[in-house]
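Listed below are the residues making up each chain.
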Amino acid sequence: MTAELGLAALWLAAALAALQLIAGFLSVRNPTGELAMLVRPAAIVQGGLCAFAFVVLLYLFAVTDLSVKLVASNSHSMKPMIFKLAGAWGNHEGSMLLWITVMAMAGGLIALVERRLPEKTMMATLGAQAFVGLGFYAFLLLSSNPFERLPQPAPEGMGLNPLLQDIGLAFHPPTLYFGYVGLSVAFSFAVGALLTRQVTPDFARAMRPWVLGAWVFLTIGITAGSYWAYYELGWGGWWFWDPVENASLMPWLAATALLHSASVLAARDALRAWTIMLGVIAFSMSMVGTFLVRSGILTSVHAFAVDPERGSFILILLTLYIGGALALFAVRAGSVAEGERFSLTSREGALVFNNVMLCAILGVVLMGTLYPLLTEAFDVRVSVGPPYFNPVGAIFTFPMLAVMAVGPLLRWRRDTMARVRTPLIAVAAVIVVVLVLVLVLGGAGILPLLGLAFAAGLAIASFLPLRGRNLRRVPLAVWGMVIAHFGVAVALYGMASETAFTKERLAAVEVGGSTEVGPWTVKLAGVEPVAGPNWTAIEGHLQASYDGGKPIELGPQARTFWAPIQETTESVLATRWNGQLYAVIGNQAEDGRWQLRLWWKPWVTLIWYGGMLVALGGALALVGRVREDLKRRHVRARIAERRREAKA
Amino acid sequence: MNALKAKHQRLILIVIALVALVGAGLLAAWALRNQANYFYLPAQMVAAPPEVGQSVRLGGMVEEGSLTTLPDGVTVAFSVTDKDSARVPVRFTGILPDLFVEGSGVVAEGELGPDGVFIAHNLLAKHDENYVPRELQEMDQHQQAAVVEETY
């Protein structure tokens, strides 16, 4: 009965979305009519209904209701509670329900709070939001119903892929979905503004918190996903240019560009058409990502089930939304009046340059991701990896980093390089010094070398905008920018350092023997079988000492899960302030020695600390902007009140 | 000059952006032709071997009885075959994937050495019933079809 309630709520929500779509677009011409009165309530109730449906699914997983097909095929009564709940979205149907729930709740939130834009633009925006939503309702209800019952309840669930039984899973997909959905809201705003030709700074201000929020969640999602792959897959790498990783990176790149161009539009009323375009591109990339991951066109841990029907469904949605939006853009872009002008040497100029660089990187990643699909059509099998992505991406990344150091120092509208000469020379000096130091101290490839130098330069440059200001009066949004830019430098330093200085050691060690990697000496003290709630394992007892210091106990495992039967490698990490020791235990050789794979990765943790700093910067900017908006709204309300009093 | 510049600023911006993006596209296309990592079946690798040192992928079945561990304890040698019984010797230094067994499918990433031995940097085996490298999956289907043909 419970499952049917969830399904009924979803159908009702879909019906409300249809109502919102029709009423929204009909009310664009007449935003005060009776139909228009329906639009906002429809959006709000829809959000509530979806939230209810999602809670129902969580409940079904919590009690392991094995008469529901999704629960039976993805859960198991013996699983720990947190993984039972996480299992609700650790599969195709559940994750689509999560997507649509977040989307409907976002729609409800805009309907509830957004009052800045002209009402007709709001009607068009909410109509567009319903249009996007309706496609996903159709997808969910027609081809992937999460509440489907089995004719006979299953005796026991089939379990969840052990690779996914990890606390990271509980948060990784939802964070990415918040990001994707935030971009869908930006898309709806862009379509709404384009339809009513109201591409104004107010539009940018209304859209910006959503882009910022989406961007923060995407940043966290990518950072967490990278760390998850790093310790869970046991390969010691933090980025593989896997299509699935690219699928999350591409929306991030587009959102980064959109975020900055929206700031220009909000502050200076320039880059109108460009911002709209980026809004469309950013959401397109979310859809492309979903398509790549969910269609089964690419094989990966993330492709839950290969089902051509689903692939074509998402492809149809993709074509419909993107094609429609691009066609609308082509028709309307010409009639969007040109914004304010600016000279090339100005903050706008720097932002435009970096926007173009971000789009170029996006294009490079997109082409590399799609190329294997393209050649497959001609029956040639290729895969594209780091030898392509790293150098080609770097060609655009380093100029972008350079301009990123300068841009925030420039004034809006018009500036000269002479005015910012002193700080620039200082930053350039730092870059050169680090370059020389690394060259002298030891070999590193060209890219890590440049990475280390630019990271140092950018780290200093990121704080220069605070120079000569009263720190207590610096707005929160500026702090956000400074911290986010600094975070990029920190992450870059971690990546370059890991690439340049990692030491790897693969050895067959007998019990009692030891081996060395970098400054570490690792002794294999023993090997023992251990057991967990749903697995058994072989655990190695390692005693690792850094530079002859006090040894640390480490226990890497080779685990065997029994529901479903699968083996995984559980790596262990010893974290120091200056890096991580990464250890994996392998098979026992015939002569009784055990395979150990060890890495010493100096400063590798900075990659994820940097990512978190970027996200923190975004969050600060978001809070700062929302506070400003609230203040502005308050002031406007008071002015209106005074006027009324004056009239009376 | 200034007036002209002002009037055409939008156009100039569009042209600059287009040039940069088309440049990126061309560069990417050129790099892809050179850097893409081609997939070989053993028969293809025997018939038309890739250049020594070019990174490629080799997919096939691990031949029964061919798996040996070298004296250093961490390097393994085995042969990869396909249904045409072409055979490529492979050497891999590292920890074997969890489901790597003789008679099962494998995709090896690496390069052909000068001595005709394929040096694998990474091995992709069947991970579990849900995650199978795409090439392996198709290979399994081909084999099943072959088995069906033989039985009838």
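Note that this is a predicted model, so its numbers are computed, not measured. (Residues numbered from 1 in each chain as written. Chains lettered and ligands numbered in written order. Predicted model: local features only at pLDDT ≥ 70, side-chain atom pairs only at ≥ 80, totals over all residues.)

Now for the overall build of chain A. Each helix and strand counted, chain A has 17 helices and eleven strands in total. Taking 2.2 N^0.38 as the reference for a compact globule, 648 residues should give roughly 26 Å; the C-alpha atoms of chain A span a radius of gyration of 27 Å, in line with that estimate. A total of 648 residues make up chain A; the buried ones form 52% of that total. Long-range pairs, those at least 24 residues apart, make up 75% of the contacts in chain A with a sequence separation of at least 6. (Helix = DSSP H or I, 4+ residues; strand = E, 2+ residues; numbered from the N terminus. Rg over C-alpha atoms; globule rule 2.2 N^0.38 Å. Buried ≥ 20, exposed ≤ 12 C-beta atoms within 10 Å, placed from the backbone. Contact = placed C-beta atoms within 7 Å.)

To continue, consider the overall build of chain B. Along the backbone of chain B there are four helices and seven strands. Going through the 152 residues of chain B one by one, you find that 32% of them count as buried. Of the contacts made within chain B by residues no fewer than 6 positions apart, 48% connect residues no fewer than 24 positions apart.

Here we take up the nonpolar core. Residues and elements named next belong to chain A. Grouped together as the largest cluster of nonpolar side chains are 192 residues, with contacts concentrated most on Ala-186, Val-211, Ala-254 and Ala-255. Broken down by element, the residue count for this core peaks at 17 residues, all from helix H8 (residues 201–232). Each residue touching Val-211, except ones within four places of it in the same chain, is listed here: Gly-182, Ala-186, Ala-255, Leu-258, Leu-259 and Ala-262. Counting residues in hydrophobic clusters, the runner-up holds 26 residues, among them Leu-581, Tyr-582, Leu-598 and Trp-599. (Core = buried A, V, L, I, M, F, W, Y, C linked by C-beta atoms within 7 Å.)

A few words now on the confidence of the model for chain B. All names here are of chain B. Summing up the model confidence of chain B, the mean pLDDT is 76 and the portion of residues at 70 or higher is 74%. Helix H1 (residues 2–7) is the least confidently modelled element of chain B, averaging 49 in pLDDT, while strand E5 (residues 87–93) averages 90, the highest of any element. Predicted confidence for residues 146–152 stays below pLDDT 50, and this span has one contact to residues more than four positions away or in other chains. Interface predicted TM-score (ipTM) for the complex: 0.78; the corresponding pTM is 0.89. (pLDDT = per-residue confidence, 0-100.)

All names here are of chain A. Contact geometry of helix H14 (residues 421–441) with helix H15 (residues 446–461) gives a least axis separation of 8 Å together with a crossing angle of 150°. With respect to their mutual orientation, H14 and H15 come out roughly antiparallel. Seen along the crossing, H14 lies across H15 with a hand that is right-handed. Contacts between H14 and H15 pair Val-427, Val-430, Ile-431, Val-434, Leu-435 and Val-438 from the former with Leu-449, Leu-452, Ala-453, Phe-454, Ala-456, Gly-457, Ile-460 and Ala-461 from the latter. (Axes fitted to C-alpha atoms, helices over the stretch in contact; angles between N-to-C directions. Parallel < 35°, antiparallel > 145°, perpendicular 65-115°, else oblique. Left-handed = near helix turned anticlockwise from the far one by under 90°.)

Attention now moves to the sheet that holds strand E2 (residues 503–509) of chain A. Residues and elements named next belong to chain A. Taking strand neighbours across the sheet as the criterion, the four strands line up as E2-E11-E10-E9 in an open arrangement whose pairing is antiparallel. Strands at the two margins of the open sheet, each flanked by one partner only, are E2 and strand E9 (572–576). Taking the axes of each pair of neighbouring strands and ignoring which way they run, one obtains an average angle of 15° across the sheet. Bridging between E2 and strand E11 (residues 594–602) involves seven bridges; their strand directions are antiparallel. What sits directly across from Lys-503, in E11, is Trp-600. (Pairing = 2+ DSSP bridges.)

As a further point, take the interface of chain B and chain A. Taken together, the contact pairs 39 residues of chain B with 40 residues of chain A. Residue assignment for the side of chain B that touches chain A shows that the elements contributing at least two residues are helix H2 (9–35), strand E1 (37–40), strand E2 (55–62) and helix H4 (134–151) of chain B. When grouped by side-chain class, the residues that make up the side of chain B that touches chain A number 21 nonpolar, ten polar and eight charged. (Nonpolar A, V, L, I, M, F, W, Y, C, P; charged D, E, K, R; others polar.)

All names here are of chain A. Their axes nearest at 10 Å, the elements helix H5 (residues 92–113) and helix H6 (residues 119–143) cross at an angle of 160°. Between H5 and H6, the interaxial angle falls into the category roughly antiparallel. Pair H5 / H6 crosses with left-handed handedness. Where H5 approaches H6, its residues Met-96, Leu-97, Trp-99, Ile-100, Met-103, Ala-104, Gly-107 and Ala-111 are matched on the opposing element by Leu-126, Gln-129, Gly-133, Phe-136, Tyr-137, Phe-139 and Leu-140. Considering only residue class, the contact of H5 with H6 consists of twelve nonpolar, three polar and no charged.

Time to look at the environment of Pro174(A). Residues and elements named next belong to chain A. Along the chain, the position of Pro-174 falls in helix H7 (residues 167–195). When the C-alpha atoms of Pro-174 and Gly-90 are compared, they prove to be 9.7 Å apart, with 84 residues separating the residues in sequence. The residues touching Pro-174, leaving out its near neighbours within four places in the chain, are Trp-89 and Leu-98.

Moving on: the environment of Met250(A). All names here are of chain A. With respect to the helices and strands, the residue Met-250 is situated in helix H9 (residues 243–268). Along the chain, Met-250 and Val-420 lie 170 residues apart, while their C-alpha atoms are 33 Å from each other. Apart from residues lying up to four places away in sequence, Met-250 is in contact with Met-285, Val-288, Gly-289, Leu-362, Val-365 and Leu-366.

Let's shift gears to H15(A). Three- or four-residue spacings in an α-helix give side chains the same orientation, since the helix completes a turn every 3.6 residues. Residues and elements named next belong to chain A. The terminal C-alpha atoms of H15, which comprises 16 residues, lie 22 Å apart, in line with the 22 Å expected from a rise of 1.5 Å per residue. Buried residues of H15: Leu-450, Gly-451, Leu-452, Ala-453, Phe-454, Ala-455, Ala-456, Gly-457, Leu-458, Ala-459 and Ala-461, and no others. In the core, the buried residues of H15 are packed alongside helix H13 (386–406), H14 and helix H16 (476–501). (Expected span 1.5 Å × (residues − 1).)

What follows is about unusual backbone geometry. For Arg197(A), which is not a glycine, the phi torsion comes out positive at approximately 55°. By secondary structure assignment, the location of Arg197(A) is in the loop between H7 and H8.

All names here are of chain A. Over its 32 residues, H8 runs 45 Å from end to end, which matches the ideal 46 Å to within 8%, given 1.5 Å per residue. For H8, the principal kink sits at Met-207 and spans about 35°; a proline, Pro-209, occurs within the next four residues. Among the 32 residues in H8, 26 count as buried, and that is most of the element. (Bend = angle between axes of the 7 residues up to and from the residue.)

Take the pairing of strand E10 (residues 579–588) of chain A next. All names here are of chain A. The element E10 is largely enclosed, with a buried count of eight among its ten residues. Bridging between E9 and E10 involves five bridges; their strand directions are antiparallel. By the bridge assignment for E10, Leu-573 is matched with Tyr-582. Turn length for the E9-E10 hairpin, with the two strands adjacent in sequence and antiparallel, is two residues. Of the pairings in the sheet, the one linking E10 to E11 comprises eight bridges and is antiparallel in character.

Within the secondary structure, Glu528(A) sits in strand E4 (residues 520–531). Contacts of Glu528(A), omitting those with residues within four sequence positions, involve Glu539(A) and His541(A).

Looking now at the pairing of E4(A). All names here are of chain A. In this sheet, E4 lies alongside strand E3 (residues 514–517) in antiparallel orientation, the contact comprising four bridges. Paired with Glu-516 across the two strands is Thr-521, which belongs to E4. In textbook terms, the turn of a hairpin is the stretch between consecutive antiparallel strands, and for E3 and E4 this stretch comprises two residues, one of which, Gly-518, has a positive phi near 55°. Pairing geometry for E4 and strand E5 (residues 535–546), over eleven bridges, is antiparallel.

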